[in-house]
Amino acid sequence: MKMNGAQMVCEALIAEGVKTVFGYPGGAIMNVYDEIYKQDGFEHILNRHEQASVHAADGYARATGEVGVAMVTSGPGFTNAVTGLATAYMDSIPLVVISGQVPLSLIGTDGFQEIDAVGISRPCTKHNYLVRELSELPRILKEAFHIARTGRPGPVLVDIPKDITAEFGDFVYPKEVNIDSYKPTIKGNRRQIEKAVDAIIKAKKPLLYIGGGVVLANASDLVRKIADMSQIPAVETLMARGVMGHSNPLLQGMLGMHGNYSSNMAMSETDLIIALGARFDDRVTGKLSEFAKYADIIHVDIDPANIGKLVDVDYPIVGDVKEVLEKMIEGLEGKVNPARYADWREVLERYDNLHPQSYVDSDEVLKPQWVIERIGQLVGEQAIITSDVGQHQMWAAQHYPFDRPRQWINSGGLGTMGFGFPAALGAKKAFPNKTVINITGDGSILMNVQELVTAAEYRIPVINVILNNHFLGMVRQWQTFFYDGRYSETDLTFQPNFKALAEACHGIGYDVTTKAEFDAALKDAIEKDRVAFINVQVARFEDVLPMVPAAGALYNMMLPKKVESKKEAK
Amino acid sequence: MENVRRVISVLVANESSVLSRISGLFAGRGYNIETLTVAPVPDSNLSHVTIATNGNERVFEQITKQLHKLVPVYKVIEHEEMVEKEMVLVKFPIEASLADIQALCGAYNGGIVNVGLNMFIGMVADEPCRVGHFIEASQRYNPIEIVRGGVVAIER
């Protein structure tokens, strides 16, 4: 069929089953927007900033597991999208981002809104393309989706010059992809898996170290199964919250810099780490030379480069964690003896009783941890929680009772402030019947606050709970601990009227200072079904604890003041 | 871990930007490039990139794995039993002794390749360390310019 390049883009997106595209038009991408206007195969959401478009596509992808799609113009449109690409790249999120480019004849001439998109995005995409001929456009689009979603997923950029979207040619969308140089390893090596199974059976203190790869591979059920059959304790990374479910007694909690005591102690004392789709990030390991000193390591990862990158691995297994787990479970069946690890479980339980995840509540001022717990009590399992970056993010990861994977959406690797609100829009588009709450701070929310307009226009009723401490809280916390309280540029006392700001953008706003007010505001926001800001005044100087100071050993934690409190969700 | 010198060959799709993907990977991840050469593989749509690098065992393992991850990379060869050659061109003033330099180049698998009014050019192709020796030896003839080519290697 003859059509122009712009129409080919639309047809390819429809063929890929894309339902929602997030984007922002401009000169070099106008041809495509003209075709978007004419088609009804997918919906387009006009964000108010390209960064938000990519984050929204990212949120959509994280919530669904499908490829998220964003579209931007050349030059500043593309450069605004770079933070979104980098965010997705660091967390291995499948995205296809389509950018306009100046016409081929202008490339290299410093044309209006020309920038070397492929050059800039090379280190923050899994792969990228500059389309040089119309005839290669269908193949490139097909490959882009394939590369984004297979192997270790990631964002792919397709940069299309304007004359190519205008040119007419034959369109046949390829059915299959064959890239000789790109063949991810899916099946784990059988012999290695057997050895790993043996090691698990022989270990005394094994520990499941669960990473975001388990979520990406949709392998949570298998992780729960292997834990259940073996009764091996588990810790989750920030990216894996929800995999085990908070009520699972085997789950110690989150590990790392802001991990809880029993998780970090478990990692410090285990004799066998079973790392599943985790990459030994510096925020997880703390000081490497002190990390898991007594442990052999089984490392299952689809990306060979993750294995042996930071720690030496005894049982490297390259493959899809789902496939590998299936084989491991087969191997363990009938052989693994849960009673063998009973002493180990008891040790960890003692640690947990010694220093449970806790905080000191107050009747005078709202504690941010209380707010998060309360959201969990009120909406719990049925909500999707996104977050920005900072103290609120860590409190949410620590205190929210996550029940399932893909319930928790946050920027872990890059740590992108401004991610949460647009990501919430993406998640809500994917799951309109779920309550979507962005837990954010008074710093982060302003970094994509223009999305109030997008949310209002398209009636995407996400709720932003702003834990307002009038500080860039995480930086403030470090300044308290490590910079003698010199609060350089972190005091956010001067701030907008958040309630009025939401209302000015056709949303709904609440100012909250008490527990009763918070309950009322959240219930009202859910009922009103409109985009909302719940501005919650919280204790100004609350710290995120426990904390492993940067470059410190995981077992040296600053712990919260001890309280006689009930045990909390892990 | 000790730093060692290594030579890697990378077979890549011969397409634009593939060299920037490789050099960018080295720059972005802080790996050293001692030399880098690239040329198309005859009768194919591939290019052969030869990189001499140094680093410890872990860095070297990361380099090969990260190279493998690049979509246009077909094959990464970590050379062990290789024949390795590098070329160098040296320009001498015409006053230098042609015969001496002819003999010197001959000792390193080379010769005089060009003679002009005011200068002449010697060429040598040999193992990188021997190329180093040649350059050292040629110093006493006051060379005007020295251009090294970077190594190419082939597995035995």
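Residues numbered from 1 in each chain as written. Chains lettered and ligands numbered in written order. Predicted model: local features only at pLDDT ≥ 70, side-chain atom pairs only at ≥ 80, totals over all residues. Heavy atoms only, no water.

Let us now look at the overall build of chain A. Scanning chain A from terminus to terminus reveals 21 helices and 20 strands. With respect to the principal axes defined by its C-alpha atoms, chain A has extents near 70 × 60 × 40 Å. By the burial criterion, 61% of the 570 residues in chain A qualify as buried. Taken as two groups, the 57 positive and 70 negative side-chain charges of chain A have centres that lie 4 Å from each other. (Helix = DSSP H or I, 4+ residues; strand = E, 2+ residues; numbered from the N terminus. Buried < 20%, exposed > 50% of the residue type's maximum accessible area, 1.4 Å probe, protein only. Lys, Arg positive; Asp, Glu negative; His and termini not counted. Charge placed at Lys NZ, Arg CZ, Asp CG, Glu CD.)

Let's shift gears to the nonpolar core. Residue and element names in this part refer to chain A. Within the largest apolar cluster, 65 residues are counted, with the highest numbers of intra-cluster contacts made by Tyr-209, Met-267, Ile-273, Ile-298 and Met-328. The element contributing the most residues to this core is helix α13 (residues 321–332), with 6 residues. Every residue in contact with Met-267, bar those within four places of it in the chain, is listed here: Leu-207, Tyr-209, Val-235, Leu-255, Ile-273, Phe-291, Ala-292 and Leu-554. Among the nonpolar cores identified, the runner-up in size contains 45 residues, and Leu-425, Ala-455, Ile-460 and Cys-505 belong to it. (Core = buried A, V, L, I, M, F, W, Y, C linked by side-chain atoms within 4.5 Å. Contact = heavy atoms within 4.5 Å.)

What follows covers helix α19 (residues 473–482) of chain A. Every α-helical turn comprises 3.6 residues, leaving residues that sit three or four positions apart pointing alike. Residues and elements named next belong to chain A. Looking at α19, one finds that the buried residues are Gly-473, Met-474, Arg-476, Gln-477 and Gln-479. Among the structural elements, α16 (391–399) are those in contact with the buried residues of α19. Just beyond α19, the residue with positive phi is Asp-484, at close to 50°.

Residues and elements named next belong to chain A. Each domain of chain A was delimited in the assignment, giving domain 1 (2–170), domain 2 (190–354) and domain 3 (368–537). Centre-to-centre, using C-alpha coordinates, domain 2 lies 31 Å away from domain 3. With 17 residues of domain 2 at the interface, the matching set in domain 3 holds 17 residues. Carbon and sulfur atoms supply 59% of the area buried between domain 2 and domain 3, which totals about 1,400 Å² over both sides. The largest per-residue losses of area from domain 2 upon contact with domain 3 belong to Leu-238, Arg-241 and His-258, which jointly make up 42% of the total buried on that side. Along the contact surface separating domain 2 from domain 3 lie 0 salt bridges. Our enumeration of links across domain 2 and domain 3 arrives at 9 residue pairs in polar contact (both at pLDDT 80 or more). (Domains from an automatic or database assignment. Buried area = accessible area lost by both parts, 1.4 Å probe. Salt bridge = Lys/Arg side-chain N within 4 Å of Asp/Glu carboxyl O. Polar contact = N/O pair within 3.5 Å; in protein donor to acceptor, adjacent residues only side chain to side chain.)

Here we take up the sheet that holds strand β17 (residues 435–441) of chain A. Each strand in a sheet pairs with another by means of backbone hydrogen bonds, the pair being arranged parallel or else antiparallel. All names here are of chain A. If you walk across this open sheet you meet the 6 strands as β16-β15-β17-β18-β20-β19, and the pairing is parallel. Bordering the open sheet on either side are β16 (408–409) and β19 (508–512), each of which pairs with just one other strand. Note that strand β18 (residues 463–468) and strand β20 (residues 532–537) share 6 bridges and pair parallel. Bridge pairing links Ile-463 to Ala-532 in β20. (Pairing = 2+ DSSP bridges.)

So, on to the packing of aromatic side chains. All names here are of chain A. Tallying each qualifying case throughout the model produces 19 aromatic pairs over all chains. Both rings, one in Phe-280 and one in Phe-291, keep their centres 5.9 Å apart while their planes meet at 90°; by these two values the pair is edge-to-face. Of this pair, Phe-280 sits in the loop between β12 (272–276) and α12 (282–285) while Phe-291 sits in the loop between α12 and β13 (296–301); the two residues are 11 residues apart in sequence, bridging distant segments of the chain. Its relative accessible area of 2% is what places Phe-280 among the buried residues. (Phe/Tyr/Trp six-rings, centres within 6.5 Å; stacked < 30°, edge-to-face > 60°.)

Residue and element names in this part refer to chain A. Relative to the assigned elements, Gln-398 resides in helix α16. In this structure, the C-alpha to C-alpha distance between Gln-398 and His-258, residues 140 residues apart in sequence, is 8.0 Å. Side-chain polar atoms of Gln-398 contact the backbone oxygen of Leu-545, separated by 3.3 Å.

Quick look at the layout of surface pockets now. Approximately 1,000 Å³ is the volume found for the second largest pocket. Contributing to the lining of the second largest pocket are 40 residues, with Tyr-89 and Asp-303 of chain A together with Arg-29, Gln-66 and Lys-69 of chain B lying nearest its centre. Those elements giving two or more residues to the lining of the second largest pocket turn out to be α4 (76–90) and β6 (127–130) of chain A together with α1 (18–29), α2 (57–69) and β4 (73–78) of chain B. A class-by-class count of the residues in the lining of the second largest pocket yields 16 nonpolar, 13 polar and 11 charged. (1 Å grid on protein atoms, 1.4 Å probe; cavity = no way out; pocket = protein on both sides within 12 Å on 5 of 7 lines; lining within 4 Å. Points joined across faces, edges and corners; volume = space filled by probe spheres on them. Nonpolar A, V, L, I, M, F, W, Y, C, P; charged D, E, K, R; others polar.)

A word on the sheet that holds strand β5 (residues 95–101) of chain A. Residues and elements named next belong to chain A. The strand order across the open sheet formed by 6 strands is β3-β2-β4-β5-β7-β6, and the pairing between neighbours is parallel. The sheet is open, and its two borders are formed by β3 (43–46) and β6, each paired with just one other strand. Along the sheet, successive strands turn relative to each other by an average axial angle of 20°, direction set aside. With 4 bridges connecting them, strand β2 (residues 20–23) and β3 associate as parallel partners. Looking at the pairing, Val-21 lines up with His-44 of β3. Each of β4 (68–72), β5, β6 and β7 (155–161) touches helix α6 (residues 137–149); the most contacted strand, β7, lies at about 165° to it. (Axes fitted to C-alpha atoms, helices over the stretch in contact; angles between N-to-C directions.)

Residue and element names in this part refer to chain A. With an omega of 0°, the peptide bond between Leu-545 and Pro-546 qualifies as cis. Its place among the elements puts Pro-546 in the segment after β20. Positive phi, close to 55°, is recorded for Gln-113, a residue that is not glycine. By secondary structure assignment, the location of Gln-113 is in the loop between β5 and α5 (117–121). The class for Gln-113 is partly exposed, based on a relative accessible area of 24%.

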